[in-house]
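Spelled out from the first residue to the last, the chains are:
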Amino acid sequence: MTEVTLAVVGGGLRGLTYARRAHATGAGRVVAVAEPDLERRAAFAAEFGLEPGQAHADWTELVAAGRVADAAVVATQDQLHTGPAVALADLGYHILLEKPMATSEPEATEIAEAARRNGIMLAVCHVLRYTPYTRAVRKLLDEGRIGRLIGAQHLEPVGWWHQAHSFVRGHWRRQDTSAPMLLAKACHDVDWLVHLFGRPPARVSSFGSLSHFRPEERPEGAADRCLDCPLEPSCPYSAPRLYLGCLGDPDREFWPLSAVTPGRTEEAVREALRTGPYGRCVYACDNDVVDHQEVTMEFDDGATCSFTMSAFTPVEHRRTRLFGTHGYIEGDGRTLRVVDFRTGGEESVDTGGPAGSSAADGHGGGDEGLADAFLAAVAAGDPSLLSTDGAESLMTHRVVWAAERARRTGTVVTL
Ligand SMILES: NC(=O)c1ccc[n+]([C@@H]2O[C@H](COP(=O)([O-])OP(=O)(O)OC[C@H]3O[C@@H](n4cnc5c(N)ncnc54)[C@H](O)[C@@H]3O)[C@@H](O)[C@H]2O)c1
């Protein structure tokens, strides 16, 4: 197997996830990182055996060094994807780019155009496409097992504590510093549904709002921080319960805890909750992204799809029902119940993916599947090993922007 060399831009949680997978399988080797945070940069360099000259403080330094690897992983925060992605594409790197591609349509277009112009492979990290579960669903649809797909009902159960962690207290809480929820989180689902239907919808509508995590919902007597709050023990969104509960579990120490603190002691967690953003009362944050949203899509042949994103669920796999002319599929992220209208018979398909759905569990095998497919595609010079290219990812992002426009303006948007 050819070993692909990798430069990683952003040595945070996602950058580490892909780098670790590349090293674990031997399909890739990290030869450079760009990461401004000193502690993170040093830890990353130590883990992957990088020399000081291979560890840069900023993506521009990496770019200034010219092309030092076959491929690059761009895993900076949402608003810092375009600069590095375009510059690295212009240097000829193949690129694994975290979703969302960018936070605006012109920037995402610029990235897709840079990939096309330079003839590089651009894989956007829509990890759901690469799970064993998705491959199984697609196979059933492609085999015509349920006839023509006439409708779908899809739920993304974000989960109450995940919403509080990422979208109320964390990085993705505000549209101006990150992106609307539909782009930051549910671009995965819109991409996945478009992938199942095999084409973009013709029309979209959407409703949703920030209903609960707002000052008006704050219970009387609640303090600004959980550590000072008399109501903390009975609050579902208690930060001490969530984060102290991660200690001792390596998966949960990686996610969600490492976003909160690099420390792994009770003292370090309490200090972070006393002073940092993750200790704030969920009703006293500066968040504005929605906590529930519906998107309805209609396709050119009249097929329809309804999608629900909600914070008010357990953290678990997505659930989907697919309505075909000749059959029905109901999936819970691992197992598929397939009903055949021709025979009335039922089949249960265990797709064999990992039990967990979250980032701590590698998104149901999607993180690993994507990293492996990308490295294999680069090694073989074969883009067909990827499920998408830049143009298709741009198209599914455009559906997200159209749906968000529909929600904001209260209209049905025609694509
Ligand atoms: N595919 C998925 O399922 C999935 C899941 C979570 C997050 N994400 C996306 O991945 C991206 C990264 O998320 P994360 O959780 O790893 O965030 P993170 O904050 O842990 O990592 C981002 C890193 O980029 C670094 N950085 C900042 N400025 C930089 C610069 N100028 N040059 C180089 N590096 C710089 C930061 O210091 C940080 O370490 C985001 O766009 C996020 O939306 C995708």
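Counting of residues starts from 1 at the beginning of each chain's written sequence and follows it residue by residue. Thresholds applied to this predicted model are a pLDDT of at least 70 for local features of residues and 80 or more for the giving and counting of side-chain atom pairs; totals over whole chains, interfaces and linings are not thresholded and use all residues. Side-chain descriptors were evaluated using all non-hydrogen atoms of the structure, hydrogens and water having been removed beforehand.

Visitor: I keep staring at the overall build of the protein and nothing clicks. Help me out?
Guide: Scanning the protein for helices and strands turns up 14 helices and 15 strands. Based on C-alpha atoms, the radius of gyration is set beside the globule rule, defined as 2.2 Å times the residue count to the power 0.38. Here the C-alpha radius of gyration of the protein, 22 Å, is about what a compact globule of 415 residues would show, namely 22 Å. In the protein, which comprises 415 residues, the share counted as buried stands at 56%. Residue contacts are defined here by distance: any two heavy atoms, one from each residue, within 4.5 Å place the two residues in contact. For the protein, the share of sequence-separated contacts (at least 6 apart) that also reach a separation of at least 24 residues comes to 70%. Residue-level accessible areas treat just the shown protein chains as cover; the underlying method is Shrake-Rupley with a 1.4 Å probe. Counting only carbon and sulfur atoms, one obtains 52% of the accessible surface of the protein, whose full area is about 16800 Å². Strands are runs of DSSP state E lasting at least two residues, helices are runs of H or I lasting at least four, and both sets are numbered from the N terminus onward. Burial classes: relative accessible area under 20% of the type maximum marks a residue as buried, over 50% as exposed, and values in between as partly exposed (1.4 Å probe, protein chains only).

Visitor: How do you make sense of the nonpolar core when you look at a structure like this?
Guide: Grouped burial of nonpolar side chains is what soluble globular proteins tend to show. Residues belong to a common nonpolar core when they are buried Ala, Val, Leu, Ile, Met, Phe, Trp, Tyr or Cys residues joined through side-chain atoms within 4.5 Å. Counting residues in hydrophobic clusters, the biggest one holds 76 residues, and the most contacted among them are L88, I95, L97, M101, L322 and L336. Residues in contact with L322, not counting those within four places in the same chain, are V137, L141, I146, L149, G151, A152, L196, G327, Y328 and I329. If you look at the next biggest cluster of nonpolar residues, it comprises 32 residues, including L6, C125, V127 and A373.

Visitor: Looking at this structure, I do not really get the environment of D286. What am I missing?
Guide: Inspection of the secondary structure assignment puts D286 in the loop between α12 (266-275) and β9 (292-298). In this structure D286 comes out as partly exposed when scored by relative accessible area, which is 30%. In the structure, D286 is positioned 115 residues away from W401 in sequence and 23 Å away in space, judged by C-alpha atoms. Beyond its immediate stretch of four places on either side in the chain, D286 contacts R173, R174 and R280. A 3.5 Å cut-off defines polar contacts: any pair of N or O atoms within that distance qualifies, except that in protein one atom must be a possible hydrogen donor and the other a possible acceptor, and neighbouring residues in sequence count only when both atoms are side-chain atoms. Side-chain polar atoms of D286 contact the side chain of R173, separated by 2.6 Å.

Visitor: I keep staring at the packing of helix α7 (residues 160-168) against helix α11 (residues 250-260) and nothing clicks. Help me out?
Guide: When two helices pack together, their arrangement is captured by the angle between the axes and the distance separating the axes. Under this scheme, a helix contributes an axis fitted over its contacting stretch, all axes are lines through C-alpha atoms, and angles between N-to-C directions fall in the 0 to 180 degree range. Put simply, α7 and α11 touch, their axes get as near as 11 Å, and they point 35° apart. For the pair α7 and α11, the crossing hand works out as left-handed. Residues W161, H162 and H165 of α7 touch α11, and the partners they reach there are W255, P256, A259 and V260. Class assignment of the residues belonging to the contact of α7 with α11 gives a composition of 5 nonpolar, 2 polar and no charged. For a crossing to be left-handed, the near helix must be turned anticlockwise from the far one by less than a right angle; the clockwise case is right-handed. In the scheme used here, Gly and all other residues not listed as nonpolar or charged are polar, with Ala, Val, Leu, Ile, Met, Phe, Trp, Tyr, Cys and Pro taken as nonpolar and Asp, Glu, Lys and Arg as charged.

Visitor: Which parts of the structure should I look at to understand empty space enclosed by the protein?
Guide: By rolling a water-sized probe across the atoms, one finds the places where empty space is left. Throughout, the protein atoms alone are placed on a 1 Å grid, and a set of points is a cavity if a 1.4 Å probe fits but cannot get out or a pocket if it is open with protein on both sides within 12 Å along at least five of seven lines; lining residues have an atom within 4 Å of a point. Grid points are joined across faces, edges and corners, and a volume is the space filled by probe spheres set on the points. In this structure the tally under the stated criterion is 3 cavities of 30 Å³ or more. The computed volume of the largest cavity comes to approximately 160 Å³. Around the largest cavity sit 13 residues that line it, and L128, Y133, H317, R318 and G333 are the ones nearest its centre. Here the residues of the lining of the largest cavity are counted per class, giving 3 nonpolar, 9 polar and 1 charged.

Visitor: I keep staring at the sheet that holds strand β10 (residues 304-310) and nothing clicks. Help me out?
Guide: The strands making up a sheet are joined through hydrogen bonds of the backbone, oriented either antiparallel or parallel. Strand order in the open sheet formed by 9 strands is β14-β13-β12-β11-β7-β10-β9-β8-β15, and the pairing between neighbours is mixed. Each edge of the sheet is formed by a strand with only one pairing partner; in this case those strands are β14 (346-350) and β15 (413-414). Pairing between strand β7 (residues 149-157) and β10: 7 bridges, direction parallel. For Q153, the partnering residue across the bridge sits in β10 and is S306. Contacts from helix α14 (residues 390-409) reach β8 (203-209), β9 and β15, with the element oriented near 60° to β8. One requirement defines pairing of two strands: DSSP has to find at least two bridges between them.

Visitor: Sorry if this is basic, but what is going on with the sheet that holds strand β5 (residues 94-97) here?
Guide: Spatially, β3-β2-β1-β4-β5-β6 is the arrangement adopted by the 6 strands of the open sheet, whose pairing is parallel. Of all the strands in the sheet, the pair left with one neighbour each is β3 (55-56) and β6 (122-124). As paired elements, strand β2 (residues 28-34) and β3 share 2 bridges and run parallel to each other. Across the sheet, V33 pairs through a bridge with A55, a residue of β3.

Visitor: Teacher, can you tell me more about helix α1 (residues 13-25) here?
Guide: In an α-helix, one turn spans 3.6 residues; hence positions three or four apart end up facing the same way. For a helix, the expected span equals 1.5 Å multiplied by the residue count minus one. Look at α1: 19 Å from first C-alpha to last across 13 residues, which is about the 18 Å you get at 1.5 Å a residue. Listed as buried for α1 are L13, R14, G15, L16, T17, Y18, A19 and A22. Of the residues flanking the end of α1, it is G26, one or two places downstream, whose phi is positive at about 80°.

Visitor: Whenever I open this one, the site of the ligand confuses me. Can you help?
Guide: Taken together, 25 residues surround the ligand, and among them R14, E35, R40, D58 and D78 come closest. In this structure, T76 approaches the ligand through a main-chain N or O atom, which is 3.2 Å from an oxygen atom. Q77 is positioned with one of its side-chain polar atoms (N or O) 2.9 Å from an oxygen atom of the ligand. Protein burial of the ligand: of its 850 Å² of free accessible surface, 87% is covered by the chains. Neighbouring residues are identified by heavy atoms, a residue being near a molecule or strand if any of them is within 4 Å of it.

Visitor: So what exactly am I meant to see when it comes to the layout of surface pockets here?
Guide: Each pocket or cavity is described by its volume, and for the second largest pocket that value is around 330 Å³. For the second largest pocket, the lining is made up of 14 residues, of which T17, F254, A360, G362 and E368 are closest to its centre. Top element by residues in the lining of the second largest pocket is α1. It accounts for 4 residues. Considering only residue class, the lining of the second largest pocket consists of 6 nonpolar, 2 polar and 6 charged.

Visitor: What should I look at first to understand the packing of helix α9 (residues 187-197) against α14 in this one?
Guide: One can describe the packing of α9 onto α14 by two numbers: an axis separation of 9 Å at closest approach and a directional angle of 120°. Judged on the interaxial angle alone, α14 and α9 are oblique. Considering only the axes of α9 and α14, their crossing is right-handed. Seen from α9, the contacting residues are C187, V190, D191 and V194; seen from α14, they are M395, T396, V399 and V400. Looking at the contact of α9 with α14 residue by residue, the classes come out as 6 nonpolar, 1 polar and 1 charged. Working definition: roughly parallel below 35 degrees, roughly antiparallel above 145 degrees, roughly perpendicular at 65 to 115 degrees, and oblique for all remaining angles.

Visitor: What is the right way to look at the side chain of E232 in this model?
Guide: Its place among the elements puts E232 in the loop between β8 and α10 (239-244). The positive count covers Lys and Arg only, the negative count covers Asp and Glu only, and His and the chain ends enter neither. Each reported salt bridge corresponds to a side-chain nitrogen of Lys or Arg within 4 Å of a carboxyl oxygen of Asp or Glu. Buried and without a salt bridge, E232 has R241 as its closest oppositely charged side chain, separated by 4.5 Å. Ignoring any residue separated from it by four or fewer positions in sequence, one finds E232 in contact with C226, S238, P240 and R241.

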